[in-house]
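Observations on the model geometry
One-letter residues, chain by chain:
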Amino acid sequence: MTTTIIWTIAIISGLGLLLALTLYLVAQRFKVVEDPRIELVEKAMPGANCGGCGFAGCHAFADSAVKAPNLDNHYCPVGGNETMKKVAEILGYEVKEKAPMVAVVRCNGTCEARPRTSEYDGSISCKVKASLYAGDTGCSFGCLGCGDCVAACKFGALSMDPVTGLPVVDEEKCTACGACAKACPKAIIELRKKGPRGMREYVSCVNKDKGPSVKKACANACIGCGICQKTCTHDAITLENNVAYIDFEKCKLCRECEAMCPTGAIHGVNFPKPLDKEVVKARILERQKKAREAAAAAAAAEAAKVAEVKKEESNG
Amino acid sequence: MARRTFSIGGVHPADSKISRDCKLEYLPIAPTVYIALSQHIGAPAKPVVAVGDKVKVGQVIAEPGAFMSAYIHSSVSGTVKSIGPRKDLSGNNQMVVEIAVEGDEWMEDIDRTDTLVTDIPQDPKAIIEKIKLGGVVGLGGATFPTHVKLSPPPGKTCEMLIINGCECEPYLTSDFRTLLEKGEQVVVGTAIIKKALGVAKATIAIEDNKLEAIEHITKVVESLKAKGPEYSGIEVLSLMKKYPEGGEKQLIDAVMHRQVKSGGLPIDVGAVVDNVCTALAVYEAVQKNKPLIDNSVTVTGECFPKQANLIVRVGTPLNYVIDYLGGVPKDAAKVISGGPMMGKSIANLEAATMKGTGGLLFLTREQTKRMPESSCIRCGKCADACPMGLEPFLLNRLAKAGDTDALEANAVQDCIMCGCCLYSCPAGIPLLDVISQARGQVMGIMRARAAAAKAAAEAAKAKTE
């Protein structure tokens, strides 16, 4: 009896030791030496694995960042400058600060402004809907309203507004990872500079059709009239394919374009005071009138000068 | 004898061919037509007319933009009003040539008589050139340029020409009426294509729900046999009615018992398939010098009071066609271009017909209502129904996950978008919608990869040289 027990214990312990030794040897033989900084960098990352940086996840980002000669091609839009500073500290690199960005929905075709022209009963998915037809309104560029962007957001920053039928971005939660912009088959969502204290101007429309047909399809659309472009004194607005675009690098947030826009397609958000359109409009018109008068006066002076010269010539 | 059909999958929708007794009828010409520049698979055609030009019926208004493209002719006589974007039936912009109609003046070289020309003196090259100049494209639905199809790549030979008279889509009857009323022309067209391909055998395949057509065509084939060597070897084959028999690959399976492998073309198994209306268009282009400027359109639906099979000039606005027959019925909820299985529902009735428009179908809300979507119960009905042997339930899941690699491995690119899976699903899952979107995405990835590989190969070649 006792011998059996002793033998059992001996065999089991022997086996255990043998296997432990094997495991140890195998572990030594196939050891992967990883740069310890990768783990440190990964720990400094937000850990959302959203892919907003262009890498497969936070680990892939850390791995690539450690191996890279500088941090020019590495930026975590979620963690922002703070995280990048930490990463730079770990790796001993320098990092350029980037302005915080935010996702902007460039469609204001609310249910009210954009009447439905057909009924869609297919799969509730924007990309499927876009592959089938132009959409259930007269606008073939606008939001399809099935919420692919909402599903793509890993931070819960997007939601569909049941009244307007359009997605709404929660600026507090948005990390500008760009997943929604990629998911939107109509390319309505754009990452724009968040702006000082969140203030920014943008054209909330991407319709490339000509004015009359756009107007028919949606009351809030950009009709490509170009008034904003003529108004802008900072050369920030371009008009291409019948739709205006505000360059956020050049925009000085004067809100003059917003006041002049005949359809209300230009939006200004997070400004402390509401825009008094009439006052601004009057100011701009006054300025333009003065400019015209000055131009006319200059032209008249020029003409007078020319006339005088001619007179002198004829006299002489 | 057992009824012949294809071997995998398929469904049996009610055929509802309620317009089968309506004779082909010419639609009066619309006051303005809008002729799209992209009416075929491949590159859009390049316009060769300018605004203000006078055009005649049959005049070339656009030339092929690439190898895979087709000529486009004016279907009316009049003045070119504009060339620019216009919304097509799905509401997306498409380049069209707008022509204001003035009279009906045809090009002088078009033979407008009804006499049947059975002599085929041209050699194959001349025939294919004429087909190309006639702007003929496949009228079975895919609008593949016919001259490209009839020029098999080197090293591949055609063993059999199949003329597709199945018209397996419910409701549609334009092919049936064409077979009955223009059977002679179709058979001559078959003989022309046969000669162009240099093939000994041709089969005109017709489903057995069209017995009159089978009988009629058999008689025509018999009577034309003596006309020349091109007319021997043409057979008429009756096939069991089953959807989607008119699919190219299904038809080859049914007629020749050969399967086209994944990613392959019919010519790989020695077959070329053309629709009966294409055969008619070939006849008109080669024998009568008449380019493809009109096509037959079935206008039907239980709720539509005036069924018709119309011959419509290309570019006629849809609402003009509908108004001619009494307007959109009150209880119609959906208008479909094509048949109920593969057709596209129309979002914009101001759009114009194209070469490939085969039908206008009106359905009531009751008929088109989708079942509320519920969870997949893994019954496997979709996999049983798929004529391409795919697993739609799996493709649906992969498409929702966005796994394009797995989709490609599971051959989503082989989907022919027949809709059998959606038709058979008891859970009302919109399988076709999701899968066809994924198919487009995967095919785009495959094309991009092929282009990149080609560019890399060329770069490597340039380096070695």
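Keep in mind the model is a prediction, meaning the values are calculated, not measured.

Notes on the overall build of chain A
Secondary structure assignment for chain A yields eleven helices and eight strands. Taken along the three principal axes of its C-alpha coordinates, chain A extends 140 × 60 × 35 Å. Evaluated residue by residue, chain A yields a buried proportion of 33% over its 316 residues. In chain A, 58% of the contacts between residues at least 6 apart in sequence involve partners at least 24 apart.

So, the overall build of chain B
Scanning chain B for helices and strands turns up 14 helices and 17 strands. Taken against the 2.2 N^0.38 rule, which gives 23 Å for 465 residues, the C-alpha radius of gyration of chain B at 22 Å falls within 12% of a compact globule. Judged by the C-alpha coordinates and their principal axes, chain B covers about 60 × 60 × 60 Å. Of all 465 residues assigned to chain B, the portion counted as buried reaches 51%. A separation of at least 24 residues holds for 74% of the contacts in chain B among residues at least 6 apart in sequence.

Quick word on the nonpolar core
One finds B:Ile35, B:Ile162, B:Ile192, B:Ile206, B:Ile217 and B:Val282 to be the most contacted residues of the largest nonpolar core, which totals 136 residues. Here the element with the most residues in this core is helix H7 (residues 276–287) of chain B; it accounts for nine residues. Residues within four places of B:Ile162 in sequence aside, it is in contact with B:Thr203, B:Ala205, B:Leu251, B:Ile252, B:Val255, B:Ala271 and B:Val273. Ranked by size, the runner-up nonpolar core spans 65 residues in total, among them A:Cys58, A:Phe141, A:Ala217 and A:Ile246.

Some thoughts on the environment of A:Tyr133
Among the structural elements, A:Tyr133 can be located in the loop between helix H5 (126–132) and helix H6 (148–152). Judged by local crowding, A:Tyr133 falls into the buried class, with 22 C-beta atoms found within 10 Å. Considered as a pair, A:Tyr133 and A:Tyr120 are 13 residues apart in the sequence and their alpha carbons are 9.7 Å apart. In contact with A:Tyr133, other than residues within four places in its own chain, are B:Ser90, B:Gly91 and B:Ala347.

Some thoughts on the packing of helix H4 (residues 183–197) of chain B against helix H5 (residues 211–224) of chain B
Residues and elements named next belong to chain B. One way to put it is that H4 packs onto H5 with a least axis distance of 9 Å and a crossing angle of 60 degrees. Judged by the angle between their axes, H4 and H5 are oblique. Where H4 crosses over H5, the two elements pack in a sense that is right-handed. Taken together, the residues of H5 that come into contact with H4 (itself represented by Gly-183, Glu-184 and Val-187) are His-216, Ile-217, Val-220, Val-221 and Leu-224. Considering only residue class, the contact of H4 with H5 consists of five nonpolar, two polar and one charged.

What to know about the sheet that holds strand S7 (residues 78–87) of chain B
Residues and elements named next belong to chain B. If you trace the four strands from one edge of the open sheet to the other, you get S2-S8-S7-S4, paired in antiparallel fashion. With partners counted over all chains shown, the strands left at the sheet margins are strand S2 (32–36) and strand S4 (54–55), one partner each. In this sheet, S7 lies alongside S4 in antiparallel orientation, the contact comprising two bridges. Bridge pairing in S7 links Val-55 to Gly-78.

Some points on the environment of B:Gly359
Residue and element names in this part refer to chain B. Looking at the secondary structure, you find Gly-359 in strand S17 (residues 359–364). Judged by the 23 C-beta atoms lying within 10 Å of it, Gly-359 is buried. Sequence-distant contacts of Gly-359, that is, excluding residues within four places in its chain, are made with Tyr-171, Leu-172, Ser-174, Val-297, Thr-298, Thr-300, Gly-338, Gly-339 and Gly-343.

Thoughts on the sheet that holds strand S3 (residues 46–47) of chain B
Residue and element names in this part refer to chain B. The three strands are arranged S3-S5-S6 in an open sheet whose pairing can be described as antiparallel. Both edges of this open sheet fall to S3 and strand S6 (72–73), since each of them pairs with a single strand only. Relative to S6, strand S5 (residues 60–63) is paired through two bridges, and the arrangement is antiparallel. Pairing of Val-60 across the sheet is with His-73, part of S6.

Structural notes on the packing of helix H3 (residues 174–181) of chain B against H5(B)
All names here are of chain B. At their nearest, the axes of H3 and H5 sit 9 Å apart, and the two run at 35 degrees to each other. Crossing geometry of H3 relative to H5 is assigned as left-handed. Each of Phe-176, Leu-179 and Leu-180 in H3 lies in contact with H5, whose residues at this interface are Glu-212, Ala-213, His-216 and Ile-217. Here the residues of the contact of H3 with H5 sort into five nonpolar, one polar and one charged.

Description of the interface of chain A and chain B
When the parts of a complex come together, some accessible area is lost, and that lost area is often taken as the interface size. Across the boundary between the two partners, chain A contributes 13 residues, which contact twelve residues of chain B. Classifying every residue of the side of chain A that touches chain B by side-chain character gives four nonpolar, seven polar and two charged.

Some thoughts on helix H14 (residues 431–464) of chain B
Counted at 1.5 Å a residue, the expected span for H14(B) with its 34 residues is 50 Å, and the 49 Å between its end C-alpha atoms agrees. Looking at H14(B), one finds that the buried residues are B:Leu431, B:Leu432, B:Asp433, B:Val434, B:Ile435, B:Ser436, B:Gln437, B:Ala438, B:Arg439 and B:Val442. Next to the buried residues of H14(B) lie H5 of chain A together with helix H10 (381–385), helix H11 (392–401), helix H12 (404–409) and helix H13 (420–424) of chain B.

A few points about unusual backbone geometry
Peptide bonds are, in most cases, trans, and in most cases residues other than glycine have a negative phi. For the bond running from B:Tyr243 to B:Pro244, omega is -5 degrees, close enough to zero to count as cis. Mapped onto the elements, B:Pro244 comes out in the loop between strand S11 (234–239) and helix H6 (248–256). In this model, A:Asn242 sits at a positive phi of 65 degrees, which is unusual for a non-glycine residue. Take A:Asn242: it is sitting in the loop between strand S6 (237–240) and strand S7 (243–246). Residue class for A:Asn242 comes out partly exposed when judged on the 18 C-beta atoms lying within 10 Å of it. In this model, A:Arg255 sits at a positive phi of 70 degrees, which is unusual for a non-glycine residue. If you trace the backbone, A:Arg255 turns up in the loop between S7 and helix H10 (256–260).

So, H3(B)
Across the eight residues that make up H3(B), a large majority, six, are buried. Buried within H3(B) we find B:Ser174, B:Asp175, B:Phe176, B:Arg177, B:Thr178 and B:Leu179.

Topic: the confidence of the model for chain B
Per-residue confidence for chain B gives a mean pLDDT of 93; residues scoring 70 or more make up 100%. For this predicted complex, the interface confidence reaches an ipTM of 0.86, while the overall pTM sits at 0.84.

A few points about the pairing of S17(B)
All names here are of chain B. S17 sits mainly inside the fold: five of its six residues count as buried. Pairing between strand S13 (residues 294–300) and S17: three bridges, direction parallel. Pairing of Thr-298 across the sheet is with Gly-359, part of S17. Where strand S15 (residues 332–337) and S17 come together, five bridges link them in antiparallel fashion. Its bridge partner being in S17, Ala-332 is matched across the sheet by Thr-364.

Cut-offs used in this document
Each chain carries its own residue numbering, running from 1 in the direction its sequence is written. The order in which chains are written sets their letters, starting at A; the order in which ligands are written sets their numbers, starting at 1. Residues qualify for local features only when their pLDDT is at least 70, as the model is predicted, and side-chain atom pairs are given and counted only at 80 or more; totals for whole chains, interfaces and linings, by contrast, use all residues. Note on conventions: DSSP H or I runs of at least 4 residues are helices, E runs of at least 2 residues are strands, and numbering of each starts at the N terminus. Whether a residue is buried, exposed or partly exposed is read from the other C-beta atoms within 10 Å of its own C-beta, which are placed from the backbone; 20 or more gives buried, 12 or fewer gives exposed, and intermediate counts give partly exposed. Distance between backbone-placed C-beta atoms decides contact: two residues are in contact if it is within 7 Å. Here the globule rule is a power law, 2.2 Å times the number of residues to the power 0.38, and the radius of gyration is based on C-alpha atoms. By our criterion, buried Ala, Val, Leu, Ile, Met, Phe, Trp, Tyr and Cys residues that link up through C-beta atoms within 7 Å make up a nonpolar core. For helices, the fitted axis covers only the stretch in contact; all axes are lines through C-alpha atoms, and the angles between them, taken along N-to-C directions, range from 0 to 180 degrees. Any angle from 65 to 115 degrees is called roughly perpendicular, while one under 35 is roughly parallel, one over 145 is roughly antiparallel, and all others are oblique. By definition, turning the near helix anticlockwise from the far helix through less than a right angle yields a left-handed crossing, and turning it clockwise yields a right-handed one. Polarity classes work like this: nonpolar for Ala, Val, Leu, Ile, Met, Phe, Trp, Tyr, Cys and Pro, charged for Asp, Glu, Lys and Arg, and polar for all others, with Gly in that last group. Pairs of strands are assigned from DSSP output, requiring at least two bridges between the strands. What a helix should span is 1.5 Å times the count of its residues minus one. Per residue, pLDDT captures the predictor's confidence, and it can take any value from 0 to 100.

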